[in-house]
Amino acid sequence: MTSTLHSLSVFWQLLRRDIYVAFKHINVLGINFGFIYPFMYAFCFLYVEPRVLFEPTMTLQNGSITFIGQLSLVALILSFHATIPVLFDLIGDRFIDYQCTLLHARIVLLERLVFAALFSFCFMMPFFPVAKMLFPDSFDIPHVSWISLAWILLLAAFMTSAYHLMATCLMRGPHQISRLWVRCNDVMLTLGGMLVPWHVIYQTSPILGYVALLNPLVYVSEGARQALLASPAFFPLWICSAAMIGVTILCTAVACNAFKKRMDHI
Amino acid sequence: MKLSENARIFCALIQRDMKVFGSKFKDAFIDGMCVVMLQVIMCGYLLPQMGMKPHLIAPLYISTFVLMLFTIGFSQSLRMVFDIKFNRYIDYLLTLPLPKTWLFSTYVFSFMLETLLTTLPLITIGILVLHKHFPFDQIQWFSFFAFYVLALLFMSVFVLMLALSFSYQWYMDNIWPRILSPLLCIGAIFFTWHGINLFSPRVAQLTLLNPFTYIAEGIRMGLLGGTEYLPFTYCVPAVMLALVVVILLLARGIKQRLDPV
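One structure accompanies this document, and this report is about it.

So, the overall build of chain A
Then step 1. Within chain A, the regular secondary structure consists of twelve helices and zero strands.
Then step 2. In sequence order, chain A lays out its α and β elements as α-α-α-α-α-α-α-α-α-α-α-α.
Then step 3. Over its C-alpha trace chain A gives a radius of gyration of 19 Å, about what one expects of a compact globule, namely 18 Å for 266 residues.
Then step 4. The C-alpha extent of chain A, read off along each of the three principal axes, is 65 × 40 × 40 Å.
Then step 5. For chain A, buried positions account for 46% of its 266 residues.

If you want it as structure tokens, here you go:
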């Protein structure tokens, strides 16, 4: 009992430390994720792209669908930002060795996951409200459920953080970062509903549609579309939630295993 | 004599870079293939299924050129940033008996060569897959190739300037949200300039401030011809003007970050 309380106390202290360090960059991150990203993506995908690419009757609907899919990209950028210091630490200073003397290695990794998820969640929160404020006529979301959206954002934050933590533990060094983005993240984004919803992928090619179901980012984009647009064209929230929780558990398990192998010097 | 010595060291450095590139070519080709195939699927099949006008498939696919320039350029720039921060191989290069202009020209030339060798075959494959949408009789081969070399020159100087103008921390935190993403999103890269001009001339004028608008439109003009795109008479001077500005910024960055006496 005393040991559990002690572990919890150390866990909380490590979490506080990470939050304190992140807070030092709050102004830079706040400007980038609170204004620049929402403005830029809303301008590009909500305002300009639908008017140039699609017929006038489809502009409003397709603009909102395309823009909401950008959440996957923002979630990946944020979780990458929060988890990549682990890789630099593992190949550099190894501050994590000191942390592992205080807590079990798996709990240290879990603390990083909780921090990365909270960090991503906090900076994802302004994305849609800011876009709605900047482009109220182009972003048509009369049936939005903000509570459902917050739930999807939280799950997306945990899932992408677990995924990037897993990638961090599996990568051998920073030279593999560009490969991670080009060969994994970009593929997952493009075929994960970032620009087109799953039913369009399925209509184009049913095989591609079934393969896309293995892509965890499909559930982020579909879940966000369902929460904001509430249409039967997208997956129901419970399917998206279940899939994201499953992927989070799977990625965390793989990350713990890879992390243990990496830390175990015996 | 001096010129020939400089040229000899320049060639040796390029040869070294090409040898390194040769060992990484397979990876670069696979990475590029991923970008091209995703663009083919997105522009050729998924977006038309969603209701995109079919005549926009070819001009939209051509944005792959710019996307690949960004992808390869960013990794090149990041390599330079890591070198300045950690390895400092640049210090050894600065001690070589080679004028600084020649030295930084090797970076630019290597980048141009690597990007040309990676992008051209890949994008040709994509064009062949989407051949129905490309009017092959309208391609202006010489103009396209000459303009593409100019675009590569601009991009290589631009990424070098980015690597040498900012601190490591600023670069890592802000280079995508504050520089690269706005250049990609607020320009005529994912859509044609005439398409923007039809619904908002003001936004179209805004995108003219972005040099990548001219690069994308120039490549479209070279490969697709017609009157739908900005002509070379606008694109070439605009890219050259942007190149001069970027060279001046690069010179300032070199002085600030490396201070070669």
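Description of the overall build of chain B
Then step 1. Helix and strand content of chain B: eleven helices and zero strands.
Then step 2. Mapped in sequence order, the helices and strands of chain B form the string α-α-α-α-α-α-α-α-α-α-α.
Then step 3. Computed over C-alpha atoms, the radius of gyration of chain B comes to 19 Å, within 12% of the 18 Å expected from 2.2 N^0.38 for 261 residues, which places it in the range of a compact globule.
Then step 4. Within chain B, contacts between residues separated by at least 24 positions form 79% of all contacts whose residues are at least 6 apart in sequence.

Some words on helix α12 (residues 237–263) of chain A
Residues and elements named next belong to chain A.
Then step 1. Between its terminal C-alpha atoms α12 stretches 38 Å, which fits the 39 Å expected from 27 residues at 1.5 Å a residue.
Then step 2. Every buried residue belonging to α12 is among Leu-237, Cys-240, Ala-243, Met-244, Val-247, Thr-248, Cys-251, Thr-252, Ala-255 and Phe-259, and all of these are buried.
Then step 3. Summarising the contacts, the buried residues of α12 are in contact with α5 (105–124), α7 (146–170) and α11 (216–229).

Examining the interface of chain A and chain B
Then step 1. Each partner contributes residues to the interface: chain A has 31 residues there, and chain B has 31 residues.
Then step 2. Broken down by secondary-structure element, the contributors of at least two residues to the side of chain A that touches chain B are α2 (26–53), α8 (177–190) and α9 (198–204) of chain A.
Then step 3. Its residues assigned to classes, the side of chain A that touches chain B comprises 18 nonpolar, seven polar and six charged.

What to know about the environment of B:Gln256
Then step 1. By secondary structure assignment, the location of B:Gln256 is in helix α11 (residues 232–257).
Then step 2. Separated by 165 residues in sequence, B:Gln256 and B:Asp91 have C-alpha atoms that sit 15 Å apart.

What to know about the packing of α11(A) against α12(A)
Residues and elements named next belong to chain A.
Then step 1. Two elements in contact, α11 and α12, have axes separated by 9 Å at closest approach and are oriented at 145°. Where α11 crosses over α12, the handedness of that crossing is left-handed. Residues Pro-216, Tyr-219, Glu-222, Gly-223, Gln-226 and Ala-227 of α11 form the contact with α12, whose own contacting residues are Leu-237, Cys-240, Ala-243, Met-244 and Val-247.
Then step 2. Considering only residue class, the contact of α11 with α12 consists of eight nonpolar, two polar and one charged.

Quick word on unusual backbone geometry
For residues besides glycine, phi is generally negative; the peptide bonds are generally trans as well.
Then step 1. Residues other than glycine seldom take positive phi values, yet A:Ala230 does so here, at roughly 45°.
Then step 2. If you trace the backbone, A:Ala230 turns up in the loop between α11 and α12.
Then step 3. Phi at B:Arg88 takes a positive value of approximately 55°, unusual for a residue other than glycine.
Then step 4. Considering the arrangement of structural elements, one finds B:Arg88 in the loop between α3 (63–87) and α4 (89–94).
Then step 5. For B:Arg88, a count of 12 C-beta atoms within 10 Å translates into the label exposed.

Remarks on the packing of helix α6 (residues 141–165) of chain B against α11(B)
The relative placement of two packed helices is expressed as an angle between their axes plus a distance between the axes.
All names here are of chain B.
Then step 1. Relative to each other, α6 and α11 sit at 25°, their axes nearing to 8 Å. Classified by the angle their axes make, α6 and α11 are roughly parallel. In this structure, the crossing between α6 and α11 has a hand that is left-handed.
Then step 2. Its residues assigned to classes, the contact of α6 with α11 shows 21 nonpolar, three polar and one charged.

Comments concerning the environment of B:Ser110
Then step 1. Here B:Ser110 is to be found in helix α5 (residues 100–129).
Then step 2. We classify B:Ser110 as buried; it has 20 C-beta atoms within 10 Å.

Focus: helix α6 (residues 127–134) of chain A
Residues and elements named next belong to chain A.
Then step 1. Of all the positions in α6, only Phe-127, Phe-128 and Ala-131 are classed as buried. The buried side chains of α6 occupy one side of the element, clustering within an arc of 90° when seen end-on. Exposed positions of α6 whose direction lies more than 90 degrees from the buried face are Pro-129 and Met-133.

What counts, and where the lines are drawn
Residues numbered from 1 in each chain as written. Chains lettered and ligands numbered in written order. Predicted model: local features only at pLDDT ≥ 70, side-chain atom pairs only at ≥ 80, totals over all residues. Helix = DSSP H or I, 4+ residues; strand = E, 2+ residues; numbered from the N terminus. Rg over C-alpha atoms; globule rule 2.2 N^0.38 Å. Buried ≥ 20, exposed ≤ 12 C-beta atoms within 10 Å, placed from the backbone. Contact = placed C-beta atoms within 7 Å. Expected span 1.5 Å × (residues − 1). Nonpolar A, V, L, I, M, F, W, Y, C, P; charged D, E, K, R; others polar. Axes fitted to C-alpha atoms, helices over the stretch in contact; angles between N-to-C directions. Left-handed = near helix turned anticlockwise from the far one by under 90°. Parallel < 35°, antiparallel > 145°, perpendicular 65-115°, else oblique. Arc of directions from axis to C-beta.

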